[in-house]
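# Architecture and fold: a report
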Amino acid sequence: MGLVSRGAAAAGLGAASAVVRPGPPDAVPNPVPSPPPGGAARGSSRVPGMVLKAFFPTCCASADSGLLVGRWVPEQSSAVVLAVVHFPFIPIQVKELLAQVQQASQVGVAVLGTWCHRQQEPEESLGHFLEGLGTIFSHEPWLQLCRERGSKSWSCKAIRQQVPVAPGVPSEDQVMLIFYDQRKVLLSQLHPPTVLPDHQAGDAVASSGGLAVVFDTVARSELLFHGDQYDEGPVRLSHWQSEGVEASVLGELVKRASGPVCLLLACLLSLVSAVSACWLWKLWPLPFIRSKLSTCEQLRHRLEHLTLVFSTQRAQSPTQLMRKANMLVSVLLDVALGLMLLSWLHSSNRIGQLADALVPVADHVAEELQHLLQWLMGAPAGLKMNRALDQVLGRFFLYHIHLWISYIHLMSPFIERILWHVGLSACLGLTVALSILSDIIALLTFHIYCFYVYGARLYCLKIYGLSSLWRLFRGKKWNVLRQRVDSCSYNLDQLFIGTLLFTILVFLLPTTALYYLVFTLLRLLVVTVQGLIHLLVDLINSLPLYSLGLRLCRPYRLAAGVKFRVLEHEAGRPLRLLMQINPLPYSHVVHTYRLPSCGCHPKHSWGSLCRKLFFGELIYPWRQRGDRQD
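As the structure is a prediction and not an experimental result, all values here were calculated from the model. (Residues numbered from 1 in each chain as written. Predicted model: local features only at pLDDT ≥ 70, side-chain atom pairs only at ≥ 80, totals over all residues. Heavy atoms only, no water.)

### Comments concerning the packing of aromatic side chains
All chains considered together, the criterion is met by 15 aromatic pairs. Taking 5.2 Å as the distance between ring centres and 50° as the angle between the ring planes, the aromatic pair formed by F451 and F519 counts as tilted. In this pair, F451 sits in helix α14 (residues 446-473) while F519 sits in helix α15 (residues 492-542), placing the two residues 68 residues apart along the sequence. You'll find F451 and F519 in the same group, each marked buried. Pairing F473 with F502 gives two aromatic rings, centres 5.1 Å apart and planes at 70°, and the pair type is edge-to-face. Placement of F473 in helix α14 and of F502 in helix α15 is noted, with a sequence separation of 29 residues between them. (Phe/Tyr/Trp six-rings, centres within 6.5 Å; stacked < 30°, edge-to-face > 60°. Helix = DSSP H or I, 4+ residues; strand = E, 2+ residues; numbered from the N terminus. Buried < 20%, exposed > 50% of the residue type's maximum accessible area, 1.4 Å probe, protein only.)

Here's what the structure looks like:
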């Protein structure tokens with residue numbers, strides 16, 4: 001292959017097989033670029049004199065002279081420069097490289113123009129030589145970017161060679177040069193337009209709608225960044241990895257080991273899923289017990305997370321990849337906190353201390369409940385109660401407390417062993433240990449739950465009885481078929497019996513309501529403690545820790561948009577801007593990447609909760625959202 005000088009390049013000779021090098025200064029004194037041999041490139045129908053936006057990577061600002069490689073976006077009159085091709089090069093090999101990148105990334109990558117760095121090139125006619133390369137790589141418009149020698153000024157031109165120039169119309173388009181950090185744009189993920197935080201004065205905030213093309217072009221052209229200027233290949237490039245490809249021995253080892261590890265864990269998890277789906281677990285009452293225990297729900301939720309994380313299928317989008325990373329970090333943090341809890345419990349024999357303190361605490365709670373019932377059986381707060389009903393209810397509840405104390409003392413020899421196995425479950429994660437704690441609280445306060453159910457049922461029966469008898473006094477009745485109140489005529493016997501029943505229920509209501517109020521408050525106290533535990537579990541399950549870590553350490557990875565800062569704005573000089581990434585606010589990070597929780601606790605509104613409490617309807621905080629409420 002022969003060497004082609006600047007004159008040969010300007011004349012269009014050896015465009016396919018010649019090695020292009022900058023020749024001696026006196027080869028061609030003033031070459032004039034001739035029109036390219038092919039037809040006009042895409043975008044040649046642009047209106048002359050329009051403003052063209054050229055996105056130029058800051059990492060190429062100090063690169064040697066060469067060709068500008070990138071993508072032309074005719075819809076936005078924008079040119080996204082991706083790399084600079086250095087001398088010497090063979091044009092056909094450059095075209096083959098661009099064809100490979102275009103086939104792999106489905107991005108129309110082409111030679112957009114020339115780049116001249118006069119601080120490193122002493123030849124005066126280098127710019128004219130670079131202009132002659134337009135005969136080999138035809139593109140419309142043809143960009144000419146040049147950095148002046150001895151100053152920080154830049155010159156930018158966009159020459160139209162195929163469009164006929166009318167009289168009085170400029171032959172060059174105005175160019176707006178926009179610098180961007182290629183590494184940050186490549187690694188960032190542009191989110192839909194959101195309300196950005198307040199920006200500094202003088203910074204222009206841009207919409208992320210039109211800039212999505214820039215981010216997408218850089219992200220999909222990753223194959224172009226595999227080679228750099230130090231490679232021994234035929235094409236040497238300058239881009240964000242020009243100082244060498246970023247790599248890590250540890251990272252490569254993790255990548256190579258992740259495949260077999262994920263395959264092994266996926267097989268184990270599929271085996272566990274098959275065992276959990278066995279028909280033996282569907283025999284009554286196992287499904288009923290599983291639906292009521294928070295531990296079973298949390299284990300099922302973690303099994304779904306682990307199955308998705310260690311799946312052998314690749315993530316189809318950056319959102320799915322971020323979701324997998326958030327799940328993995330959540331599981332790792334959960335297990336780490338569980339191991340810390342396990343080490344704390346097994347140090348200094350704290351499990352034995354908890355077992356020794358549990359029985360006295362249960363006896364103290366039972367004793368306080370007995371004092372409360374004795375207070376209710378007397379004259380609580382000076383209220384006059386129905387003595388017969390008061391004594392019946394009081395003795396009934398006292399008998400339940402006696403049964404509960406007997407049950408606790410019967411289980412006392414096994415409490416330490418039970419707590420020891422519960423502590424071992426912390427190795428599965430802190431959320432599993434907290435779920436077990438919630439179930440233990442539910443079992444230890446089962447007698448309070450029974451008191452609440454008895455009082456609520458009795459109170460609800462009297463409330464609905466009084467409402468039905470009140471309709472009888474007004475000559476109304478409830479139509480079950482039409483689900484409405486209709487008029488009805490009653491005889492004298494019905495009105496007499498209704499009056500007697502109404503009077504009895506009215507005088508018995510204060511006694512029943514007082515017991516219901518006391519045990520409802522105790523029940524709400526237990527539900528509040530369980531609710532706080534489940535809030536902590538849901539926080540660990542759903543908080544996107546990996547996304548928050550990225551937002552804290554590398555804010556450019558989560559982009560909400562960009563802003564432009566003016567670098568140079570002088571008459572006769574192109575406008576130069578610096579594109580900076582606006583990070584996504586923390587609230588939007590949590591809202592966008594929040595993981596779904598197990599959702600085993602329906603959220604009652606305050607109005608619905610007060611209505612249920614007033615009419616004596618039972619509150620089941622552990623029921624599923626789709627379950628029928630009583």
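So, next bit.
### Considering the confidence of the model for the protein
Caution applies to low-pLDDT regions: their predicted coordinates should not be interpreted in detail. Per-residue pLDDT for the protein averages 76, and the proportion of residues at 70 or more is 76%. Here strand β1 (residues 3-4) stands out as the least confident element of the protein, with mean pLDDT 37; helix α16 (residues 545-553) is the most confident, with 92. Segment residues 23-48 is flagged for pLDDT under 50; beyond a separation of four residues in sequence, or across chains, it makes 48 contacts in the model. (pLDDT = per-residue confidence, 0-100. Contact = heavy atoms within 4.5 Å.)

### A look at the side chain of S330
Looking at where S330 falls in the secondary structure, it is placed in helix α9 (residues 318-345). Leave out the neighbours within four places in its chain, and S330 touches R302, I540, N541 and L545.

### Considerations on the pattern of salt bridges
One pass over the structure, following the stated rule, counts 8 salt bridges. Between D216 and R220 there is a salt bridge whose closest N-O contact spans 2.8 Å. With a gap of 4 residues between them, D216 and R220 both fall in helix α5 (residues 208-220), about one helical turn apart. Looking at R220, the relative accessible area reads 34%, which means it is partly exposed. Within this structure, E297, R300 and E304 form a network of salt bridges that share partners. (Salt bridge = Lys/Arg side-chain N within 4 Å of Asp/Glu carboxyl O.)

### So, the UniProt feature "transmembrane region" (unreviewed entry) in the protein
The sites that carry the UniProt feature "transmembrane region" (unreviewed entry) are, in the present numbering, residues 263-284, 325-345, 392-410, 422-445, 451-473, 494-518 and 524-548. Structurally, residues 392-410 comprises 100% helix and 0% strand, and the distance from its first C-alpha atom to its last is 27 Å. Across residues 451-473 one finds 100% helix and 0% strand; the C-alpha atoms that close the span lie 33 Å apart. (UniProt positions renumbered as here; feature names shortened; annotations may be inferred.)

### Overview of α9
Given a rise of 1.5 Å per residue, 28 residues ought to cover 40 Å, and the 40 Å separating the end C-alpha atoms of α9 matches this to within 8%. Three or more residues of α9 are buried, namely M322, K324, A325, N326, M327, S330, V331, D334, G338, L342 and L345. (Expected span 1.5 Å × (residues − 1).)

### Topic: unusual backbone geometry
Here Q106, not a glycine, exhibits a phi torsion of approximately 60°, which is positive. Within the secondary structure layout, Q106 lies in the loop between α2 (91-105) and β6 (109-117). According to the relative accessible area criterion, Q106 is exposed, its value standing at 60%. Backbone geometry at Q483 places phi at a positive 55°, although glycine is not the residue there. Structurally, the position occupied by Q483 is in the loop between β13 (476-479) and β14 (484-487). You can call Q483 exposed: its relative accessible area is 52%.

### Points about the pairing of β6
Burial analysis of β6 places 8 of its 9 residues in the buried class, the great majority of the element. The pairing of strand β4 (residues 66-73) with β6 spans 6 bridges and is antiparallel. Its bridge partner lying in β6, R71 is registered against V109. As judged from the 5 bridges shared by β6 and strand β7 (residues 142-147), these two strands associate in the parallel manner. (Pairing = 2+ DSSP bridges.)

### As for a nonpolar patch on the surface
Side chains of W284, L286, F288, I289 and L293 sit close together on the surface and give an oily, nonpolar patch of about 530 Å² of accessible area. With respect to the helices and strands, the residue W284 is situated in the loop between α6 (249-276) and α7 (286-292). Judged by relative accessible area, W284 falls into the exposed class, the value being 73%. (Patch = residues over 30% accessible without salt bridge, like charges linked within 9 Å, V, L, I, M, F, W, Y side chains within 5 Å. Areas by Shrake-Rupley, 256 points an atom, 1.4 Å probe, with all protein chains shown as cover.)

### Details of the environment of H239
Of note, H239 is situated in the loop between β12 (237-238) and α6. You can call H239 buried: its relative accessible area is 1%. In this structure, the C-alpha to C-alpha distance between H239 and A83, residues 156 residues apart in sequence, is 4.9 Å.

### Observations regarding the packing of α9 against helix α13 (residues 430-444)
Between α9 and α13, the shortest axis-to-axis distance is 7 Å and the interhelical angle comes to 60°. One finds that α9 runs oblique with respect to α13. Residues D334, L337, G338 and L341 of α9 lie in contact with α13, whose contacting residues are L430, T431 and A433. Broken down by class, the residue content of the contact of α9 with α13 amounts to 4 nonpolar, 2 polar and 1 charged. (Axes fitted to C-alpha atoms, helices over the stretch in contact; angles between N-to-C directions. Parallel < 35°, antiparallel > 145°, perpendicular 65-115°, else oblique. Nonpolar A, V, L, I, M, F, W, Y, C, P; charged D, E, K, R; others polar.)

### Comments concerning helix α10 (residues 350-377)
For an α-helix, the turn length of 3.6 residues means that residues three or four places apart are oriented alike. A rise of 1.5 Å per residue sets the reference length of α10, with its 28 residues, at 40 Å; its end C-alpha atoms lie 40 Å apart and thus fit the reference within 8%. The elements touched by buried residues of α10 are α9, α11 (387-411), α12 (415-424), α14 and α15.

### Remarks on the pairing of β13
Where β13 and β14 come together, 4 bridges link them in antiparallel fashion. Pairing of K477 across the sheet is with D486, part of β14. Hairpin connection from β13 to β14: 4 residues lie between these consecutive antiparallel strands, with Q483 at a positive phi of about 55°.

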